[in-house]
Amino acid sequence: MGSEVYFDNNATTRLIPEVFEAMRPYLTELYGNPSSIHRFGSEVARKIQQAREQVAALIGASDPIEIVFTSGGTEGDNAAIRGILESRPEKRHVVTSQVEHPAVMGLCQHLEKKGYRVNWLSVDQDGLLDLDELRDSLNDETALVTIMYANNETGVIFPIEEIGKIVKAKGIPFHVDAVQAAGKVPLNLEKSLIDLLTVSGHKFHGPKGIGALYVRRGITFRPFILGGHQERNRRAGTENVAGIIGMGKAAEVALKSLGPDERQVSRLRDQLEQSLLQSCPDSRVNGHREKRLANTLNISFKFVEGEAMLVLLDQFGICASTGSACTAGSVEPSHVLRAMKVPADWLQGAVRFSLSRYNTEAEIELISEKMPGIIHRLLELSAVGKLGARPKVQQSGDRTTGSIGARRES
Ligand code: PLP
């Protein structure tokens, strides 16, 4: 380990050494509880306040008070949606999209079982929403609209401000899952129409298990986790102090390097995209080519199994991912690509390469060099592939089974 060629940054990112150094004292000698009255605790509380300011600055919130620390993106999404619904119990209708992360999708499915009506907005072949469908879906019963900023699988970016105008014109609370956007695109919450917004530390080189929910001042929000008075009664439980401080530092670094990082990763991503499209016949990009995160490439290879590709890439130390989920031994194609109506021949052969500031040109060259051979090998393994049907790639050994058995949801 350590020599991996890591292209799975939408799943999680490498901790920046500076972030680790900022966290270290709070995992060792500075172990006070921030709620304690004594100096040892209040010094920690002061650092938490600094982290709150750093996170507020990253997302352009006008007041650090609007930041509530959570355990990550999943909790942030749950807290936002449940918190709004509980404050508007008479409204039983929620609007979301068909391409949300399971953190939102799973909860909305649960809400349907509890008697809520949910509108699942469709996307077109580029992964974009139809804003008229959104407009038509809103009514007096609508408690909340929850839409992601950028898609974790394709990187497709939704027009959040336009969506906000439509939603807020009806006076409906608007939540945005910005887990994949924060630290990658500039955000300015003060000037936006967003009421609640979720971010997660480990997606921008901070630690795992820490996130933040932005709750605009004046928004009525009922806490989802009850107990102590931490986070101004909005999220009970002794704080993940080191995590919060690490996330604050990561936010500070991300804000400073937003522009240069975006330019660097988009140049490398485009280079990878060009080279794979040229060298691998029967390949196509999934998702809108412009309205997309600079770091994400979702590419399909016809008649090839994405999971088998991952296993072969892994043999060269290359880490990527697919959007499929393995349930009871069978591979379920990605719900995002299905919603985009990606044709069946291409659906299983999707691979996501997601970059970060740590990727290099040499790594792009390595992938570009290995990929045609991998595709060729997989197509050869299946005579059926040559006849035009999707091949069933034969794999052997525990390594293969283990690698493809994991469910990927990030
Ligand atoms: N929302 C989106 C769009 C994500 O990509 C993820 C994680 O991949 C989450 C929510 C969940 O975040 P976390 O892993 O911090 O729970």
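Residues numbered from 1 in each chain as written. Predicted model: local features only at pLDDT ≥ 70, side-chain atom pairs only at ≥ 80, totals over all residues. Heavy atoms only, no water.

A. A look at the packing of aromatic side chains. All told, the structure shown has two aromatic pairs when counted by the stated rule. The ring of Tyr 358 has Arg 14 lying over it, and the distance from NZ or CZ to the ring centre is 5.4 Å. Taking the ring centre of Tyr 116 as reference, the NZ or CZ of Arg 92 above it sits at 4.1 Å. (Phe/Tyr/Trp six-rings, centres within 6.5 Å; stacked < 30°, edge-to-face > 60°. Lys NZ or Arg CZ within 6 Å of the ring centre and 35° of its normal.)

B. A look at the site of the ligand. Near the ligand, the surroundings consist of 14 residues, among which Gly 73, Thr 74, Asp 177, Ser 200 and Lys 203 are the closest. Contact distances for the ligand include 2.8 Å between an oxygen atom and a backbone N or O atom of Gly 73. Within the side chain of Asp 177, a nitrogen or oxygen atom sits 2.6 Å from a nitrogen atom of the ligand. Protein chains shield 90% of the accessible area of the ligand, which is 390 Å² for the free molecule. Looking at which element gives the most residues to the shell around the ligand, the answer is helix 3 (residues 73-87), with three residues. The residue makeup of the shell around the ligand, split by class, is two nonpolar, nine polar and three charged. (Near = heavy atom within 4 Å. Polar contact = N/O pair within 3.5 Å; in protein donor to acceptor, adjacent residues only side chain to side chain. Areas by Shrake-Rupley, 256 points an atom, 1.4 Å probe, with all protein chains shown as cover. Helix = DSSP H or I, 4+ residues; strand = E, 2+ residues; numbered from the N terminus. Nonpolar A, V, L, I, M, F, W, Y, C, P; charged D, E, K, R; others polar.)

C. Representation of the pattern of salt bridges. Following the criterion strictly, the structure yields 18 salt bridges and no others. A salt bridge links Arg 267 to Glu 361; the shortest N-O distance between them is 3.2 Å. Of the two residues, Arg 267 sits in helix 8 (residues 241-279) while Glu 361 sits in helix 12 (residues 361-381), which places them 94 residues apart along the sequence. The class of Arg 267 is partly exposed, set by a relative accessible area of 45%. For Asp 270, the salt bridge goes to Arg 269, with nearest N and O atoms at 2.9 Å. The partly exposed category is assigned to Asp 270, whose relative accessible area is 33%. Assessed through its relative accessible area of 5%, Arg 269 is described here as buried. (Salt bridge = Lys/Arg side-chain N within 4 Å of Asp/Glu carboxyl O. Buried < 20%, exposed > 50% of the residue type's maximum accessible area, 1.4 Å probe, protein only.)

D. The sheet that holds strand 3 (residues 93-97), seen in detail. The seven strands are arranged 2-8-7-6-5-3-4 in an open sheet whose pairing can be described as mixed. Edge positions in the open sheet fall to strand 2 (67-70) and strand 4 (117-121), since each of these has one partner strand only. Within this sheet the neighbouring strands show an average axis-to-axis angle of 20°, counted without direction. Note: strand 3 against strand 4, five bridges, orientation parallel. The residue bridging Val 94 from the neighbouring strand is Val 118, located in strand 4. Along the sheet, helix 6 (residues 160-169) contacts strand 5 (142-148) and strand 6 (174-177); its crossing angle with strand 6, the most-contacted strand, is approximately 160°. (Pairing = 2+ DSSP bridges. Axes fitted to C-alpha atoms, helices over the stretch in contact; angles between N-to-C directions. Contact = heavy atoms within 4.5 Å.)

E. How the structure looks around empty space enclosed by the protein. Following the criterion strictly, the structure yields four cavities of 30 Å³ or more and no others. In this structure, the largest cavity occupies an estimated 230 Å³ of space. In this structure, the largest cavity is lined by 22 residues; those nearest its centre are Gly 183, Lys 184, His 205, Asp 261 and Ser 356. Tallied by class, the residues present in the lining of the largest cavity amount to 10 nonpolar, seven polar and five charged. (1 Å grid on protein atoms, 1.4 Å probe; cavity = no way out; pocket = protein on both sides within 12 Å on 5 of 7 lines; lining within 4 Å. Points joined across faces, edges and corners; volume = space filled by probe spheres on them.)

F. The arrangement of the side chain of Arg 234 in detail. You can see Arg 234 is positioned in the loop between helix 7 (230-233) and helix 8. Although Arg 234 is buried, it forms no salt bridge, and the closest oppositely charged side chain is Glu 231 at an N-O distance of 5.2 Å. Among residues more than four places away in sequence, those in contact with Arg 234 are Ile 65, Glu 66, Ile 67, Val 68, Phe 221 and Pro 223. (Lys, Arg positive; Asp, Glu negative; His and termini not counted.)

G. Broad picture of a negative patch on the surface. On the surface, Asp 124, Asp 126, Asp 130 and Asp 136 cluster together into a negatively charged patch. Mapped onto the elements of the fold, Asp 136 is located in helix 5 (residues 131-137). Of the residues examined, Asp 136 reaches a relative accessible area of 67% and is grouped as exposed. (Patch = residues over 30% accessible without salt bridge, like charges linked within 9 Å, V, L, I, M, F, W, Y side chains within 5 Å. Charge placed at Lys NZ, Arg CZ, Asp CG, Glu CD.)

H. Quick peek at the environment of Glu 141. Checked against the element boundaries, Glu 141 lands in the loop between helix 5 and strand 5. C-alpha separation for the pair Glu 141 and Lys 91, spaced 50 residues apart in sequence, amounts to 4.9 Å. In contact with Glu 141, not counting residues within four places along its chain, are Glu 90, Lys 91, Arg 92 and His 93.

I. Fine view of helix 6. When we look at burial in helix 6, the residues that qualify are Ile 160, Ile 163, Gly 164, Ile 166 and Val 167. The buried side chains of helix 6 occupy one side of the element, clustering within an arc of 165° when seen end-on. Turned more than 90 degrees from where helix 6 packs its buried face, Lys 165 and Ala 169 sit exposed. Among the structural elements, helix 5, strand 5 and strand 6 are those in contact with the buried residues of helix 6. Gly 171 occupies a position one or two residues after helix 6 and carries a positive phi of about 70°. (Arc of directions from axis to C-beta.)

J. View of the environment of Ile 374. Within the fold, Ile 374 resides in helix 12. Overall, the relative accessible area of 4% leaves Ile 374 in the buried class. Expressed as a C-alpha distance, the spacing of Ile 374 and Leu 312, which sit 62 residues apart in the sequence, is 6.7 Å.

K. Broad picture of the confidence of the model for the chain. Mean pLDDT for the chain: 92, with 91% of residues reaching 70 or above. Within the model, the stretch residues 389-408 combines pLDDT values under 50 with 41 contacts to residues more than four positions away or in other chains. (pLDDT = per-residue confidence, 0-100.)

L. Quick look at the layout of surface pockets. Its volume calculated, the second largest pocket comes out at about 290 Å³. Taken together, 14 residues form the lining of the second largest pocket, with Ile 48, Gln 49, Arg 52, Glu 231 and Arg 232 sitting closest to its centre. Broken down by secondary-structure element, the contributors of at least two residues to the lining of the second largest pocket are helix 2 (39-59) and helix 7. In terms of residue count, the dominant contributor to the lining of the second largest pocket is helix 2 (four residues). For the lining of the second largest pocket, the class distribution of residues is five nonpolar, three polar and six charged.

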